[in-house]
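Structure assessment
Chain by chain, the residues run as shown.
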Amino acid sequence: MVNIVLVEPEIPQNCGNIARTCAATRCRLHLVEPLGFDISEKAVKRAGLDYWPMVDLSVYPSLDDLFRRCDPSELWLATTKAPRDYSQARFRDGCWLFFGRETAGLPEWFRLAHAQRCIRIPMREDARSLNLANSVAVLAYEALKQQGFPGLSGVGEMAPT
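Here we summarise the structure given alongside this text. (Residues numbered from 1 in each chain as written. Predicted model: local features only at pLDDT ≥ 70, side-chain atom pairs only at ≥ 80, totals over all residues. Heavy atoms only, no water.)

A word on the state of the cysteines. Per the counting criterion, the structure on display carries zero disulfides. In this structure C15 is not part of a disulfide, and its nearest cysteine sulfur, from C22, lies 8.7 Å away. Using a relative accessible area of 3% as the deciding quantity, one classes C15 as buried. Looking at the unpaired C118, the closest cysteine sulfur is the one in C95, lying at 15 Å. (Disulfide = S-S within 2.5 Å. Buried < 20%, exposed > 50% of the residue type's maximum accessible area, 1.4 Å probe, protein only.)

With that settled, consider the pairing of strand β1 (residues 3-7). For β1, the tally of buried residues reaches five of five residues, placing the bulk of the element in the interior. Neither face of β1 is left uncovered, since the one carrying N3, V5 and V7 and the one carrying I4 and L6 both have all their residues buried. Where β1 meets strand β2 (residues 28-32), five bridges bridge the pair, whose relative direction is parallel. Note that in β2 the partner of V7 across the bridge is V32. Following the chain from β1 across helix α1 (residues 12-25) to the adjacent parallel β2, one finds a crossover that is right-handed. (Helix = DSSP H or I, 4+ residues; strand = E, 2+ residues; numbered from the N terminus. Pairing = 2+ DSSP bridges. Right-handed = clockwise from strand over helix to strand, strands pointing away.)

The next subject is helix α5 (residues 132-146). Look at α5: 21 Å from first C-alpha to last across 15 residues, which is about the 21 Å you get at 1.5 Å a residue. Those residues of α5 that are buried are in contact with β1, α1, β4 (75-78), β5 (96-99) and β6 (118-119). For α5, the N-terminal cap is N131; the gap from its side-chain oxygen to the backbone nitrogen of A133 is 2.8 Å. Two residues or fewer after α5 comes G148, characterised by a positive phi angle close to 80 degrees. (Expected span 1.5 Å × (residues − 1). Contact = heavy atoms within 4.5 Å. Polar contact = N/O pair within 3.5 Å; in protein donor to acceptor, adjacent residues only side chain to side chain.)

Here's what the structure looks like:
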């Protein structure tokens, strides 16, 4: 199981895309407040997120609360500021992938506290960053690949029978 953590996400479309990725891959989604959008049942229905019931979702008022309630000992922090790329990481079952706000990334104090667990997605130097939903998909699928895609279909309908 891969745990996806969004720390203070701001853009509802990104969260919706990430939730859909989590639903499709059986990843757990953890949201750390404040959120820049409403995830009430009414708001989710209005947005037409028919996959939302498939999302294993937890919401926390703060990072401290998440760490009190969970044990993210196998954690990785996605940041453009990391000295090494994600291909050097070994993602184990139960790993936690942390992503920051779209406009500011993860808090500096959090990155510094876990400096050896910071990883980045390679890209050209003059690019600011990838879209948050794309970044989550890249790292989630790498983690799942390293674990053998547990619980996911390995054969498409075009496979010979």
